[in-house]
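Letter by letter, the chains look like this.
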Amino acid sequence: MALFLRRLVKPALVRRSSSVSLLISNGFSTTSLRQTPPCSIIGAKPCLPLEFFYRSGLGTLIIANANVADMSCLVRLKKKVPVDLVHNDPDDTMVTIGASHGWVASLKDDGILRLHDDLNPVASDTDPKRIQLPPLVTLPHCQTKIVTNVSMSSSSPENDEDCVVAVKFLGPQLSFCKPAGKSSKPEWTNIKIENPCFYSSRVMFSKKDNMFRIPGSGGHLIGSLDLCEPNDKLKLQCVGFENLPPKLPTPLMDSCCMSQHLVESTSTGETFLVKQYRKTAKIVQGVAQMKTQFLMVFKLDDEGNAVYTQDMGDLTMFLSMSEPFCVPSTSFPGLLPNYVYILDFDETAMVSLVDGFPLVATTGKTDAPYYIPPQNILD
């Protein structure tokens, strides 16, 4: 389980690769389109000599393929990336705030959000793409310093005129921008969400519905926004839960805080609503580290019926500070079907949907808790 080996790995056990071949050598997509497996960002080793590192701030990217269990197969690429994109420090001037489609978003003290493809393992390090969006505009009685997540409607914000970047801030503000829109000067479109149940929620893009969606607190309400319609208010849908497990671990759940996620499977067209229950595992230097205790997954239909399931079939789900996603496990040999892989700033875990409890869960600081979804390999 490579995802849990970050704190155990020794430098000598990191294999170095000069091409993308090693990225797929342990099981690439079995479809006609070659893709890298889902991977997580392990770190960036400062480039030598140190004088060059101090001058450039660059390091070589280290990743872990999610379908590889052997700790000796962590991959250190020759790809050079800005170390401050990987090793965040709250006191730094640049902090990564989320990721989507393999792009990482950063926010500096200047209030400008930037998109980077540096952490995409197949993107060029000689010609990295960095997209600077216009300065954020803060609505009255809102804030744009703390971000819950970033979502994108496509993987090509640099040349897809229809690509929309959505940023959900803690509180009522939700902002959208088209980086490559026909307008010579992209601008933010900002809406203020009136219902407080969405203040801490995360936004996701539904490829099936071609709109952005947000689950409300508790998952009983889902807001949708179709940017093709001139509407600055969320369209609300009530969610009805069905087929709940007969014996819920009520005492455990009562001691946890609950978050909810909307996850779409592009391969099956299914939409899932995930309820994640976490509680404080320990306190380190005055900071509480959270640990997942239980997970429930519901299949969501177009009418808002959420049916509890213990079987996603061939799918493997990935929850992190990136936009969540699912992949067919048979396309990437080594992935565990019907499992949810979790990566957060203070936790790494795997949960089987058979019982909803973590198979493995560890706590500890993760600098870049981003799962990178499969990327197309260009010949």
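Keep in mind that what you see is a predicted model, and the values were worked out from it rather than measured.

**Side note on the overall build of the protein chain**
Counting secondary structure elements, the protein chain contains four helices and 27 strands. Classification of the 379 residues of the protein chain by burial places 55% in the buried group. When contacts within the protein chain are restricted to residue pairs at least 6 apart in sequence, long-range pairs at least 24 apart make up 54% of them. Only carbon and sulfur atoms are counted for the fraction: they give 54% of the accessible area of the protein chain, which is about 17,000 Å².

**Notes on the nonpolar core**
Counting residues in hydrophobic clusters, the biggest one holds 18 residues, and the most contacted among them are Ile41, Leu61, Ile63, Val81, Val86, Leu119 and Tyr370. Elements with a contribution of two residues or more to this core: strand E2 (39–46), strand E3 (58–65), strand E4 (75–82) and helix H3 (83–86). Apart from residues no more than four positions distant in its own chain, leucine 119 is found in contact with Ile41, Leu61, Val81, Leu85, Val86, Val104 and Ile372. With 17 residues, the next largest nonpolar core counts Ile97, Leu133, Val165 and Cys177 among its residues.

**Side note on the pairing of strand E10 (residues 165–169)**
With five of five residues buried, E10 is to be regarded as a mostly interior element. Burial along E10 is two-sided: the face carrying Val165, Val167 and Phe169 and the face carrying Ala166 and Lys168 are both buried. Bridge analysis of strand E9 (residues 147–152) against E10 gives five bridges, and the strand direction is antiparallel. In the sheet register, valine 150 faces E10, and the bridge partner there is valine 167. The turn joining E10 and strand E11 (residues 173–177), which pair antiparallel and follow one another in sequence, is formed by three residues; a positive phi near 115° is taken by glycine 171.

**Some points on the confidence of the model for the protein chain**
Looking at the protein chain as a whole, the pLDDT averages 86, with 87% of positions reaching at least 70. Contacts from residues 1–28, a stretch scored under 50 in pLDDT, to residues over four places away or in other chains number 90 contacts.

**Description of unusual backbone geometry**
Note the cis peptide between leucine 48 and proline 49, where omega equals -5°. Positive phi, normally seen in glycine, also occurs at asparagine 243, with a value near 60°. Turning to its location among the elements, asparagine 243 is positioned in the loop between strand E17 (240–242) and helix H4 (250–254). We classify asparagine 243 as exposed; its relative accessible area is 55%. Even without glycine at this site, asparagine 338 takes up a positive phi of about 65°.

**Overview of the sheet that holds E11**
Spatial ordering of the open sheet is given by E9-E10-E11-E12, a layout of four strands whose pairing is antiparallel. Edge positions in the sheet fall to E9 and strand E12 (188–192), since each has one partner strand and no second. If you compare each strand with its neighbour and ignore which way they point, the axes differ by 15° on average. By the bridge criterion, four bridges tie E10 to E11 in an arrangement that is antiparallel. Looking at the pairing, alanine 166 lines up with phenylalanine 176 of E11.

**Considering the packing of aromatic side chains**
Using the criterion set out here, one finds ten aromatic pairs in the structure. Arranged with centres 5.6 Å apart and planes meeting at 50°, the rings of phenylalanine 53 and tyrosine 54 form a pair that is tilted. Exposure remark for phenylalanine 53: the relative accessible area of 17% places this residue in the buried category. Using a relative accessible area of 62% as the deciding quantity, one classes tyrosine 54 as exposed. One aromatic cluster is present, formed by Phe318, Phe325, Tyr341 and Tyr371 through successive ring pairs.

Criteria and thresholds
- Starting from 1, residues in each chain are numbered consecutively following that chain's sequence as written.
- Where totals are concerned, whole chains, interfaces and linings use all residues; where local detail is concerned, this predicted model gives features only for residues with pLDDT of at least 70, and gives and counts side-chain atom pairs only at 80 or more.
- Values reported for side chains reflect all heavy atoms of the structure, with hydrogen atoms and water molecules removed beforehand.
- To qualify as a helix, a DSSP run of H or I must reach at least 4 residues; to qualify as a strand, a run of E must reach at least 2; elements of each kind are numbered from the N terminus.
- When a residue's accessible area, from a 1.4 Å probe over protein chains only, is under 20% of the maximum for its type it is buried; when over 50% it is exposed; and in between it is partly exposed.
- Here a residue-residue contact requires only that any non-hydrogen atoms of the pair lie within 4.5 Å.
- Here the Shrake-Rupley method, with its probe set to 1.4 Å, supplies the accessible areas, and only the displayed protein chains count as covering residues.
- Residues enter a nonpolar core if they are buried and are Ala, Val, Leu, Ile, Met, Phe, Trp, Tyr or Cys, with the set joined through side-chain atoms within 4.5 Å.
- Strands pair, by our definition, only if DSSP identifies at least two bridges between them.
- As a per-residue measure, pLDDT reflects the predictor's confidence and takes values from 0 up to 100.
- In this analysis, axes come from line fits to C-alpha atoms, helices being fitted only over the stretch in contact, and the angle between any two N-to-C directions falls in the range 0 to 180 degrees.
- Side-chain rings of Phe, Tyr and Trp (the six-membered ring for Trp) are treated as a pair once their centres are within 6.5 Å; stacked means planes under 30 degrees apart, edge-to-face means over 60, and tilted covers the remaining angles.

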